[in-house]
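Summary of structural features
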Amino acid sequence: MTLTVFIGSLLLAMAIGMPISFALLASGVALMWQLDLFDAQILTQNLIGGADSFPLLAVPFFMLAGEIMNVGGLSKRIVNLALALVGHVRGGLGYVTIMAGCLLSALSGSAVADAAALTALLLPMMTAAGHDKARAGGLIAATGIIGPVIPPSIGLVIFGVAANVSISKLFLAAIAPGLMIGGALWITWAWVVRRERVEPPPRKSRREILAAAREAGWALLLPVIILVGLRMGVFTPTEAAVVAAVYAFAVATFVYRELNFWQLRDVFVAAAKTSAVVMFLIAAAMVSAWLITVADLPSKVVGLLEPFMGNKVLLMIGIMVLVMVVGTALDMTPTILILTPVLMPVVIKAGIDPVYFGVMFIINNSIGLITPPVGVVLNVVAGVGRMKMDEVTRGVLPFMAAEFAIMFVMVLFPSLVTVPARWFGG
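Residues numbered from 1 in each chain as written. Predicted model: local features only at pLDDT ≥ 70, side-chain atom pairs only at ≥ 80, totals over all residues. Heavy atoms only, no water.

1. A word on the side chain of Thr-143
Secondary-structure assignment places Thr-143 in helix α8 (residues 133-144). Engagement of the side chain of Thr-143 in a polar contact is seen with the backbone oxygen of Leu-139, the distance being 2.8 Å. Those residues in contact with Thr-143, other than ones at most four positions away along the chain, are Thr-97, Ile-98, Gly-101, Leu-118 and Leu-185. (Helix = DSSP H or I, 4+ residues; strand = E, 2+ residues; numbered from the N terminus. Polar contact = N/O pair within 3.5 Å; in protein donor to acceptor, adjacent residues only side chain to side chain. Contact = heavy atoms within 4.5 Å.)

Spelled out as structure tokens, the structure:
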């Protein structure tokens, strides 16, 4: 009954058009009434306490870093470097998109920011070269979701806080899986583009490649600073977010000189608006998370999944399918915050490594950003690229299938994640 009240009230609130943050609060209130625990003071305390977390400070600072990178020219120089390296091969602009997406993922940690930057910079170039616009938009959307996987990742920060798992270990463990997803997209693009007759641009000279690498050098130094700093224990993930924002500001303002103080106000406002939405969503979800614990819903879920407890792979497949279904209706952040307190006791009881589960969980949620009908990244690409939603959806299908395939390969062979994690020190 408790589970029915929670899910039913949440779905009903969403069905009548209530924003997800308020829908989570409404479902929390409904659950409090059902448990005879309603108290406005408890509700308020949990709402405020949900956002009162030092690790969550990483979210607004990574948001700010992403905004600065897009406005300050760091993203553009990453794209130019990828174009100089692989732009001349058959279907080269697609490979440029994938390479630039992986590099941008190591800078911002936001799928929306990466997808917007790639769409603005590369979609006009791909369509002008003769690539199908829907397919190009689909590739950009599928590449954008690598952002929450390769560290620094806002999704991993939120999961780490909700599950009480080391964010540094999650960051280091997610490097190899993120690159594997990029490899899957590379192979899929090579298969898709083989029938296109698009004339690639001429090969860049060695001097032009070196010039592009020199221009992008300052931007490329940022992920090195973050990963080395985390690995050596110089700073925490939250402090790494501050380092990223300050470094991006310094490079954009004093090195590239593309960000002036007049633009800085707009950058701060954009980052503040996005951060406010995410942080209020986290705060609202923490109310539901507290009530889920009080109602002992995790033990009920453990009971339902008891038949699969003896087989870790089968259990992980079941969980991944569940997250896939939920991801078609919910955005990434609420999915993480709602399902984490429910699934973590199951994972721990089954003896699954929480860091491994966290990486797989975030990969699945990231792919959910391009699954219709919600598909936040699909909406971003459609909006920035001035395309219809159904066109982007059609174009993304082969790439989304490849990403789900590589995810389930990592479920069947966990060592693909755990072994590289040990290499990186995770």
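2. Thoughts on the packing of helix α5 (residues 74-86) against helix α6 (residues 92-105)
α6 packs onto α5 with a crossing angle of 135° between their chain directions and a minimal axis gap of 8 Å. Relative to α6, the element α5 lies oblique. Handedness of the α5/α6 crossing: right-handed. Here α5 contributes Ser-75, Ile-78, Val-79, Ala-82, Leu-83, Leu-85 and Val-86 to the contact with α6, which in turn contributes Gly-92, Leu-93, Tyr-95, Val-96, Met-99, Ala-100, Leu-103 and Leu-104. Considered class by class, the residues forming the contact of α5 with α6 number 13 nonpolar, two polar and no charged. (Axes fitted to C-alpha atoms, helices over the stretch in contact; angles between N-to-C directions. Parallel < 35°, antiparallel > 145°, perpendicular 65-115°, else oblique. Left-handed = near helix turned anticlockwise from the far one by under 90°. Nonpolar A, V, L, I, M, F, W, Y, C, P; charged D, E, K, R; others polar.)

3. Some thoughts on a nonpolar patch on the surface
A cluster of nonpolar side chains, contributed by Trp-218, Leu-221, Val-224, Val-228, Met-232, Val-234, Phe-254 and Val-255, occupies part of the molecular surface with about 800 Å² of accessible area. At the level of secondary structure, the elements contributing two or more residues to the nonpolar patch comprise α12 (206-231) and α13 (237-255). Top contributing element to the nonpolar patch by residue count: α12, with four residues. Since its relative accessible area comes to 48%, Val-228 is described here as partly exposed. (Patch = residues over 30% accessible without salt bridge, like charges linked within 9 Å, V, L, I, M, F, W, Y side chains within 5 Å. Areas by Shrake-Rupley, 256 points an atom, 1.4 Å probe, with all protein chains shown as cover. Salt bridge = Lys/Arg side-chain N within 4 Å of Asp/Glu carboxyl O. Buried < 20%, exposed > 50% of the residue type's maximum accessible area, 1.4 Å probe, protein only.)

4. Here's the deal with the pattern of salt bridges
Within the structure shown, the criterion is met by four salt bridges. With a shortest N-O distance of 3.2 Å, Glu-258 and Lys-76 are connected by a salt bridge. Of this pair, Glu-258 sits in the loop between α13 and α14 (261-294) while Lys-76 sits in helix α5, and the two are 182 residues apart along the sequence. Since its relative accessible area comes to 26%, Glu-258 is described here as partly exposed. Residue Lys-76 is classed as partly exposed on the basis of its relative accessible area, which comes to 35%. Among the ionic pairs, Arg-77 bridges to Glu-215, the shortest N-O distance being 2.9 Å. Within this pair, whereas Arg-77 is found in helix α5, its partner Glu-215 is found in helix α12, the two being separated by 138 residues in sequence. In this structure Arg-77 comes out as buried when scored by relative accessible area, which is 10%. Here Glu-215 falls in the partly exposed class, since its relative accessible area comes to 41%. Salt bridges linked by common partners bring Lys-76, Arg-77, Glu-215 and Glu-258 together as one network.

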